[in-house]
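Single-letter residue listing:
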Protein chains: 2
Amino acid sequence: MTLAEKAYVSLRKDIVDGCFAPDSPLRLAELSERYRMGFSPLREALNRLQAERLVTAESLRGFRVSARSLAEFEDALHARLLVETEALRLSIAQGDDAWEASIVAALYALRRQTGRESSDVDELKTRHHAFHRALLAACGSDWLMNFFERLYAATERYRIPALLDAGPQKRDIDAEHGDIADAVLARDTTRAERLLRDHYLQTAAMIRSGMVESDAPLI
Amino acid sequence: MTLAEKAYVSLRKDIVDGCFAPDSPLRLAELSERYRMGFSPLREALNRLQAERLVTAESLRGFRVSARSLAEFEDALHARLLVETEALRLSIAQGDDAWEASIVAALYALRRQTGRESSDVDELKTRHHAFHRALLAACGSDWLMNFFERLYAATERYRIPALLDAGPQKRDIDAEHGDIADAVLARDTTRAERLLRDHYLQTAAMIRSGMVESDAPLI
DNA sequence: AATTCCAATATTTTCGAAAATCTTTATTGC
DNA sequence: GCAATAAAGATTTTCGAAAATATTGGAATT
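Residues numbered from 1 in each chain as written. Chains lettered and ligands numbered in written order. Predicted model: local features only at pLDDT ≥ 70, side-chain atom pairs only at ≥ 80, totals over all residues. Heavy atoms only, no water.

1. Side note on the relation of the copies chain B and chain A
Once chain B has been moved 0.0 Å along the axis and rotated by 180°, it coincides with chain A to within an RMSD of 0.0 Å. Such values leave the two copies arranged in the relation of a two-fold axis. With an isologous cut-off of 70% or more, the 100% of interface residues of chain B that recur at the interface of chain A puts this contact in the isologous class. (Least-squares fit on C-alpha atoms with pLDDT ≥ 70 in both. Contact = heavy atoms within 4.5 Å.)

2. Brief notes about the protein's contact with DNA strand C
Around DNA strand C, the structure places 20 residues, and the nearest of them are Leu3, Gly38 and Ser40 of chain A together with Arg43 and Leu60 of chain B. If you look at DNA strand C and keep only atoms within 4 Å of the protein, 83% of those are sugar or phosphate atoms. Interatomic distance of 2.8 Å between a backbone N/O atom of Gly38 of chain A and a phosphate oxygen of DNA strand C. The contact in question runs from a phosphate oxygen of DNA strand C to an N or O atom on the backbone of Leu28 of chain B, over 3.2 Å. Of all the secondary structure elements, the ones that give two or more residues to the surface near DNA strand C are helix 1 (3–16) and helix 3 (39–51) of chain A together with helix 3 (39–51) and strand 3 (62–65) of chain B. (Near = heavy atom within 4 Å. Polar contact = N/O pair within 3.5 Å; in protein donor to acceptor, adjacent residues only side chain to side chain. Helix = DSSP H or I, 4+ residues; strand = E, 2+ residues; numbered from the N terminus.)

3. A closer look at the domain arrangement of chain A
Often, the extent of an interface is quoted as the loss of accessible area upon association of its parts. Residues and elements named next belong to chain A. In terms of domain boundaries, chain A breaks down into domain 1 (3–65) and domain 2 (70–210). Computed from C-alpha coordinates alone, the two centres of domain 1 and domain 2 are separated by 27 Å. With 11 residues of domain 1 at the contact, the number on the domain 2 side is eight residues. When domain 1 packs against domain 2, the two sides together hide about 770 Å² of surface, and 48% of this comes from carbon and sulfur. (Domains from an automatic or database assignment. Buried area = accessible area lost by both parts, 1.4 Å probe.)

4. Side note on the protein's contact with DNA strand D
Within the structure, DNA strand D sits among 20 residues, and Arg43 of chain A together with Leu3, Gly38, Ser40 and Leu60 of chain B are positioned closest to it. Counted by atom, the contact set of DNA strand D within 4 Å of the protein is 83% sugar and phosphate. Note that a phosphate oxygen of DNA strand D is positioned 2.8 Å from one of the backbone N or O atoms of Gly38 of chain B. Partitioning the surface near DNA strand D into residue classes produces 10 nonpolar, five polar and five charged. (Nonpolar A, V, L, I, M, F, W, Y, C, P; charged D, E, K, R; others polar.)

5. Side note on the pairing of strand 2 (residues 55–58) of chain B
Residue and element names in this part refer to chain B. The pairing of strand 2 with strand 3 spans four bridges and is classified as antiparallel. Looking across to strand 3, one finds that Val55 is bridged to Val65. Taking the residues between adjacent antiparallel strands as the criterion, strand 2 and strand 3 are bridged by three residues, where Leu60 takes a positive phi near 65°. (Pairing = 2+ DSSP bridges.)

Encoded structure:
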């Protein structure tokens, strides 16, 4: 992996995780210090992230972390429902045995991690992402999958702080995931779409209620 | 505008216009010669275009123009219908007088240009794009508009060669645009969606039938 | 003849410094 | 005191060269 790719991966993770305060400037000198590399690979990574809307840029004034707002979250959520509903429909229509198996595997792995005491948050997030991707993976559309990844990252910036805030959950998220997987494996498109939609709306409600206006960095 | 921004705009235009053969390598030395600038701004632009899927990159082997294929076109078209149908619905539901006026203005400007003998293709493309954007502009969703722009560029790479190939058109495209605008201004969501969908499917049929397998540069 | 190895060349990637621009601070004039 | 101006400092942007890696072509080997 080149330095520019490492910079992209690290920056993306740190922005989604909230290590930088939303709307705060991303100064090259600081990033160069933090990630131990020169300006060139950092600028290349920042340009990619700008295209992905995780970072904003202004001529001769450098880059900033994209601001967070309730409006932007609602917008991303709405777009996500549109994209994922369609991708799920296609996936259910076209998925084969290997696709079904990958869903079972992703769900199993996710549950193993939610069950653990010593919760490695990073690993949990990875598996959560993998499960939701597995559901859509058979849709056969690179564009929809690309939009899914964009929107997942965009909304993850809101979900993580809410998750840490929330403390003990009323929801049984394992059960929600299980129900979605069941409906998908049963090829029940209508029910799968409804459950996925409800799953996101629940998360959204949690985020809305607990949304901190503070843009302080989380980590 | 910084050099990196100029590089982005120029490269994007030249790729969409087909000045570079699809799948051909974008060598820095050549680009540096062509656009009269150093490697740094070019690499930044290429990284942005990579995120937009107009360019592909491979570690230590540089950048290429994204390949074209019928499958990718069909995928982009499908995603476009999904996104634009939803954006149009929202736009019709929320648009105000200024939005209506901007549609009338965009349609007028587009027709002026299609009517001209000395057809400045660039200007025509700009106004065509502006009209289709105007229809959706009141949807209130930055994400959907962002996806619209991405997909517009992606499909434009297929439309332009087909347009040049096609010669005299059987379709009355001015009339199609007029009908869409009428339905939208009448707030007839169902009819507007159907007309927009048909408009794209007609264009798609034209592209499919005439799609040249050759990846030669167009200009 | 085909394969492997090595050198030569081409290309990408990265750095460090220079240039350009923005921001802050100090200074001047009113 | 306050606005306008200029100098100083901070930051981004760009370049040119160096480093790292890939590719090509040819010689040596099987």
